[in-house]
Amino acid sequence: TFSFTDPVVSMDLLRAVLQPSINEEIRAVFNKYMKFFQKAAINVRDNVGEEVDPEQLIQETCRSCLEQAKLLFSDGKKVVPRLPHEQVVPKRARQMDEELNRRGSPIPKKRKGRPPVQSLSNDRGVSGMAAWKLKVSEPVRRDGPKWDPSRLTETTTFVLGSRANKALGMGGTRGRLYIKHPHLFKYAADPQDKHWLAEQQHMRATGGKMAYLLIEEDIRDLAASDDYRDSVDLRLEELKPFVPPAWMTEKMQKHMETLRRGGDAPPPECPPE
């Protein structure tokens, strides 16, 4: 039970009524700057490699923008932590921030009638990646037998993410596999891992490019699912599975355990000499 005379409850009821209208205006603001995000994300992909997914970069950037926007309404106690490269702010940027803080957030003019209903089909201002939509991220479930580190043994076979994309018919969409199936376990190879992969001719020497490893069994399970088994683009011969050395498998076990517990990926470890 709760009281409607509670100030917090009353304000939250008002927020709930206005939220659809607020969301539409926020979407319009992001659409205004979307062309800049798109160009930057595509440049990153071209510079780093095909494993980079521009859509994922754009969504992460938009979420970061929303987090930093909270600073406009900070009470001085709970401050949103800044990223390392944002710690040193140029003088001009500080002056602009201070000016915005003095002015406060603009108060919209009072309108008559009910606020407009949120439209899911409103794509005004969207160009290029028209399918992009501002949405609430749902947590990825990392439980069950597929996320049990003990399933990774010295005989477990892995495939490169780029090959898995091609095998499932998504070779031209670059990192789409990870967005479409976020529940998949994937491991980002560190420099020592990539050196071994290149020596064994599983991949080319890629320098700074990302290389993800996925469990072959997971990809074959996907291929047998309703989404893929009847696809004319299915090319399982592209997988080229391999068995990594024990020291690499051990790192992947630790990585899976960390992710399963809800933590971040552990720092890369060097293989034994």
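Everything below is about the structure printed above this text.
These lines cover the structure that appears in this document, whether it is placed above or below. (Residues numbered from 1 in each chain as written. Predicted model: local features only at pLDDT ≥ 70, side-chain atom pairs only at ≥ 80, totals over all residues. Heavy atoms only, no water.)

**Some points on the overall build of the protein**
The number of helices and strands found in the protein is eight helices and three strands. Each helix and strand of the protein, placed in order from N terminus to C terminus, yields the pattern α-α-α-β-α-α-β-α-β-α-α. The buried share among the 273 residues of the protein stands at 29%. A total of about 18900 Å² of accessible surface is found on the protein, and carbon and sulfur atoms cover 55% of it. (Helix = DSSP H or I, 4+ residues; strand = E, 2+ residues; numbered from the N terminus. Buried < 20%, exposed > 50% of the residue type's maximum accessible area, 1.4 Å probe, protein only. Areas by Shrake-Rupley, 256 points an atom, 1.4 Å probe, with all protein chains shown as cover.)

**As for unusual backbone geometry**
Notably, Gln201 is not glycine yet its phi reads approximately 60 degrees, a positive angle. Assignment of secondary structure puts Gln201 in the loop between α6 (191-199) and β3 (212-215). We note that Lys240 has phi near 50 degrees; this positive angle belongs to a residue other than glycine. With respect to the helices, strands and loops of the structure, Lys240 is situated in the loop between α7 (216-223) and α8 (246-260).

**What to know about α6**
Listed as buried for α6 are Asp193, Lys194, Trp196 and Leu197. End-on, the buried residues of α6 take up no more than an arc of 160 degrees, which puts them together on one face. Those residues of α6 that are exposed and aimed more than 90 degrees away from the buried face are Pro191 and Glu199. Turning to α6, the residues buried within the fold contact β1 (158-160), β2 (186-188), β3 and α8. The N-capping residue of α6, defined by a side-chain oxygen 3.1 Å from the backbone nitrogen of Gln192, is Asp190. Following α6 by one or two positions, Gln201 adopts a phi angle in the positive range, close to 60 degrees. (Arc of directions from axis to C-beta. Contact = heavy atoms within 4.5 Å. Polar contact = N/O pair within 3.5 Å; in protein donor to acceptor, adjacent residues only side chain to side chain.)

**Brief notes about the sheet that holds β1**
Pairing is antiparallel across the open sheet formed by three strands, whose spatial order is β1-β3-β2. Edge positions in the sheet fall to β1 and β2, since each has one partner strand and no second. In this sheet, adjacent strand axes meet at a mean angle of 30 degrees when their direction is disregarded. For β1 and β3, the ladder comprises three bridges, and the chain directions are antiparallel. For Phe158, the partnering residue across the bridge sits in β3 and is Ile215. α7 contacts β1 and β3 of the sheet and is inclined by roughly 65 degrees relative to β3. (Pairing = 2+ DSSP bridges. Axes fitted to C-alpha atoms, helices over the stretch in contact; angles between N-to-C directions.)

**A closer look at the nonpolar core**
If you look at the biggest cluster of nonpolar residues, it comprises 18 residues, and the most contacted ones within it are Leu152, Phe158, Phe185, Leu197, Leu213, Phe242 and Met252. Of all the elements in the fold, those that place two or more residues in this core are β1, α6, β3 and α8. The dominant element in this core, judged by the number of residues it contributes, is α8, at four residues. With residues near it in sequence (within four places) discarded, Met252 still touches Leu152, Phe158, Phe185, Tyr187, Leu213 and Pro244. Within the second largest apolar cluster, 15 residues are counted, among which are Leu168, Met170, Ile219 and Leu239. (Core = buried A, V, L, I, M, F, W, Y, C linked by side-chain atoms within 4.5 Å.)

**Structural notes on the packing of helix α1 (residues 7-48) against helix α2 (residues 54-69)**
Close contact between α1 and α2 brings their axes to 9 Å; oriented N to C, the two are set at 135 degrees. Classified by the angle between their axes, α1 and α2 sit oblique to one another. As α1 packs across α2, the resulting crossing turns out to be right-handed. Contacts between α1 and α2 pair Ile26, Phe30, Met34, Phe37, Gln38, Ala41, Val44 and Arg45 from the former with Pro54, Leu57, Ile58, Thr61, Cys62, Cys65 and Leu66 from the latter. In terms of residue class, the contact of α1 with α2 is made up of twelve nonpolar, two polar and one charged. (Parallel < 35°, antiparallel > 145°, perpendicular 65-115°, else oblique. Left-handed = near helix turned anticlockwise from the far one by under 90°. Nonpolar A, V, L, I, M, F, W, Y, C, P; charged D, E, K, R; others polar.)

**Quick word on the environment of Leu197**
In this structure, Leu197 sits in helix α6. For the pair formed by Leu197 and Ala211, sequence separation is 14 residues and the distance between their alpha carbons is 9.8 Å. In contact with Leu197, other than residues within four places in its own chain, are Leu160, Ala189, His202, Met203, Leu213 and Phe242.

**Overview of the packing of α6 against α8**
For any two helices packed against each other, one specifies the inter-axial angle together with the distance between the axes. Taken N-terminus to C-terminus, the directions of α6 and α8 make an angle of 140 degrees; their axes are 11 Å apart at the nearest point. When the interaxial angle is binned, α6 and α8 end up oblique. For the element pair α6 and α8, the recorded crossing hand is left-handed. Along the contact surface, α6 presents Gln192, Asp193 and Trp196, while α8 presents Trp247, Met248 and Lys251. When the residues that make up the contact of α6 with α8 are grouped by side-chain class, the tally is three nonpolar, one polar and two charged.

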